[in-house]
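What follows is the residue order along each chain.
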Amino acid sequence: MRRAFLYGAALILAIAGCTTTAAQHGTTTTSQGASVLLVCNGSTIRCPALPRSAGRYYRTVQEAVDAARPGDWVLIYPGVYHEGSKEWPTAGVWIQTPNLHIRGLDRNRVIIDGSNGTAAQPCPSAAARQDFTPRDGIVV
């Protein structure tokens, strides 16, 4: 599993090296013309340093999805993401962009959580911090 994780991190850095002016908007562009939007909130591990040309990380998956265009890639770094769509209340992340590719860089460590936690406290146990709204993780 560690090898797969390191490969994912190397993939981000390799893609981040292929940039154009889109990097100014928090994206990188691959040789095929699709942008790569990187998501990291540092909730469970620190976000790795990126080259300046790679732009910035999006803090939520929804921010990256909202900024994406058809054919783009959204790569999600390991962490706990507290998502709740304002446009579609039963969705954690609401996707309306066609042909969008979303990948978590570690299937065991990318979590879309419906509670009202924070990046500092990813999975709160206090009843007041729980959100019992029936919600799906990602809705397309």
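About the cut-offs
- Residues numbered from 1 in each chain as written.
- Predicted model: local features only at pLDDT ≥ 70, side-chain atom pairs only at ≥ 80, totals over all residues.
- Heavy atoms only, no water.
- Helix = DSSP H or I, 4+ residues; strand = E, 2+ residues; numbered from the N terminus.
- Areas by Shrake-Rupley, 256 points an atom, 1.4 Å probe, with all protein chains shown as cover.
- Salt bridge = Lys/Arg side-chain N within 4 Å of Asp/Glu carboxyl O.
- pLDDT = per-residue confidence, 0-100.
- Contact = heavy atoms within 4.5 Å.
- Polar contact = N/O pair within 3.5 Å; in protein donor to acceptor, adjacent residues only side chain to side chain.
- Phe/Tyr/Trp six-rings, centres within 6.5 Å; stacked < 30°, edge-to-face > 60°.
- Lys NZ or Arg CZ within 6 Å of the ring centre and 35° of its normal.
- Disulfide = S-S within 2.5 Å.

**Focus on the overall build of the protein**
Part 1: Helices and strands together make up the secondary structure of the protein, namely two helices and eight strands.
Part 2: Along the protein, from the amino end to the carboxyl end, the secondary structure elements read α-β-β-α-β-β-β-β-β-β.
Part 3: Approximately 8,100 Å² of the protein is accessible, and the part contributed by carbon and sulfur atoms is 55%.

**Points about the pattern of salt bridges**
Part 1: Applying the stated criterion across every chain yields a total of one salt bridge.
Part 2: Across the pair Asp-106 and Arg-109 runs a salt bridge whose closest N-O atoms are separated by 3.7 Å.

**Observations regarding the confidence of the model for the protein**
Part 1: Mean pLDDT over the protein: 75, with 64% of residues reaching 70 or higher.
Part 2: Low pLDDT (under 50) marks residues 1-25, which in the prediction has 39 contacts with non-local residues, meaning those over four places away or in another chain.

**As for the side chain of Ser-43**
Part 1: When you line up the elements, Ser-43 lands in the loop between strand E2 (35-39) and helix H2 (61-67).
Part 2: Reaching out from Ser-43, the side chain makes a polar contact with the backbone nitrogen of Val-80 at a distance of 2.7 Å.

**With respect to the packing of aromatic side chains**
Part 1: For the structure on display, the rule yields zero aromatic pairs.
Part 2: The ring of Tyr-58 is capped by Arg-56, whose NZ or CZ atom sits 4.4 Å from the centre of that ring.

**Structural notes on the environment of Ile-95**
Part 1: Checked against the element boundaries, Ile-95 lands in the loop between strand E5 (91-94) and strand E6 (101-104).
Part 2: Taking the C-alpha atoms as reference, Ile-95 lies 9.8 Å from Ala-68; in sequence the two are 27 residues apart.
Part 3: If sequence neighbours within four positions are ignored, Ile-95 has contacts with Val-65, Leu-100, Ile-102, Ile-138, Val-139 and Val-140.

**As for the state of the cysteines**
Part 1: Applying the stated criterion to the full structure yields one disulfide.
Part 2: Cys-40 shares a disulfide with Cys-47; S-S distance 2.0 Å. Judged by the sign of its S-S torsion, about -100°, the cystine formed by Cys-40 and Cys-47 is left-handed.

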